[in-house]
Amino acid sequence: MSANYERRGISLVEMFVVLGIIAILMALLFPAVQAARARARDTVCKNNVYQTNLALVQYMEVMKRIPPPSEPGKVGGWMTAILPFLERSDLDEVITEGIPLQQAPEIVLAAPPIYRCLVRDAYEKTPPKEIRLAHFAMIPSRDRKAASIVDVPLKFEAPWLSSPELSFAQLPKMGGPHHGGYFIAHGMNQGVDLWDPTP
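Residues numbered from 1 in each chain as written. Predicted model: local features only at pLDDT ≥ 70, side-chain atom pairs only at ≥ 80, totals over all residues. Heavy atoms only, no water.

Caption draft 1: Expanded view of the confidence of the model for the protein. For the protein, per-residue confidence averages 87 on the pLDDT scale, and 93% of positions sit at 70 or higher. When pLDDT is averaged over each helix and strand of the protein, the minimum, 85, is found for strand 4 (residues 193–195) and the maximum, 96, for helix 2 (residues 78–81). (pLDDT = per-residue confidence, 0-100. Helix = DSSP H or I, 4+ residues; strand = E, 2+ residues; numbered from the N terminus.)

Caption draft 2: Highlighting the nonpolar core. Ile-82, Tyr-115, Phe-136, Trp-160 and Leu-161 are the most contacted members of the largest nonpolar core, which has 36 residues in total. Contributions of two or more residues to this core are made by helix 1 (12–63), helix 2, strand 1 (136–140), strand 2 (147–151) and strand 3 (182–186). If near-sequence neighbours (up to four positions away) are discounted, Ile-82 is found in contact with Thr-52, Ala-55, Leu-56, Tyr-59, Pro-67 and Tyr-115. (Core = buried A, V, L, I, M, F, W, Y, C linked by side-chain atoms within 4.5 Å. Buried < 20%, exposed > 50% of the residue type's maximum accessible area, 1.4 Å probe, protein only. Contact = heavy atoms within 4.5 Å.)

Caption draft 3: Unusual backbone geometry, seen in detail. A positive phi angle, close to 60°, is found at Glu-87, a residue other than glycine. Mapped onto the fold, Glu-87 is located in the loop between helix 2 and helix 3 (89–92). Its identity is not glycine, yet Ser-163 carries a phi of approximately 45°, on the positive side. Of note, Ser-163 is situated in the loop between strand 2 and strand 3.

Caption draft 4: Structural detail: the pairing of strand 2. Buried residues dominate strand 2, accounting for five of its five residues. Side chains Ala-147, Ile-149 and Asp-151 of strand 2 all project onto a buried face; the interleaved residues Ser-148 and Val-150 project onto the opposite face, where all are buried too. The pairing of strand 1 with strand 2 spans five bridges and is antiparallel. Across the sheet, residue Ala-137 finds its bridge partner in strand 2, namely Val-150. Where strand 1 folds back on strand 2, the antiparallel hairpin that results is connected by six residues, among which Arg-144 adopts a positive phi of roughly 55°. Sheet topology note: the strand 2/strand 3 ladder contains three bridges and is antiparallel. Bridge assignment links Ile-149 to a residue of strand 3, and that residue is Ala-185. (Pairing = 2+ DSSP bridges.)

Written out as structure tokens, the structure is:
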């Protein structure tokens, strides 16, 4: 009497083949997901530079000048001056220009999201109860009648409430957050460019 057995399950070889195929697909998919995330972070930062530049242009149209620089170690400068043009009057009302940075109220320690670059967020580790670092800087013209907004180098550290200002000469010395380059918006010019300072 012969018994007929139905085969159920998979063999060890078949299981390894399936696992190998899954591993190959995961290896192909992982870099694509990482690249998509990097592009999304770049897009958010580029949009934030654009919106910040628009607010600066609106300030200049109303005030007929660019914001004055902040005093060293004190609250002030362009980032605080343009807050009303970013619809952040809530922060503008609690910021006192000219006070020492250490006396800034806790509500303004974190910069508004519009001033953030997600690429830099991945590198930055600011302790709680400290002012978050600036992700953007203003580059004024020599006569201070025009200005550009640029995201700052990865190694650059300045509190956002001090509204850092840079020159073009300072940018090539440190790597930019976007593949070595910087997103930059030039005043009245439309759009945001990726500027690579390397020759």
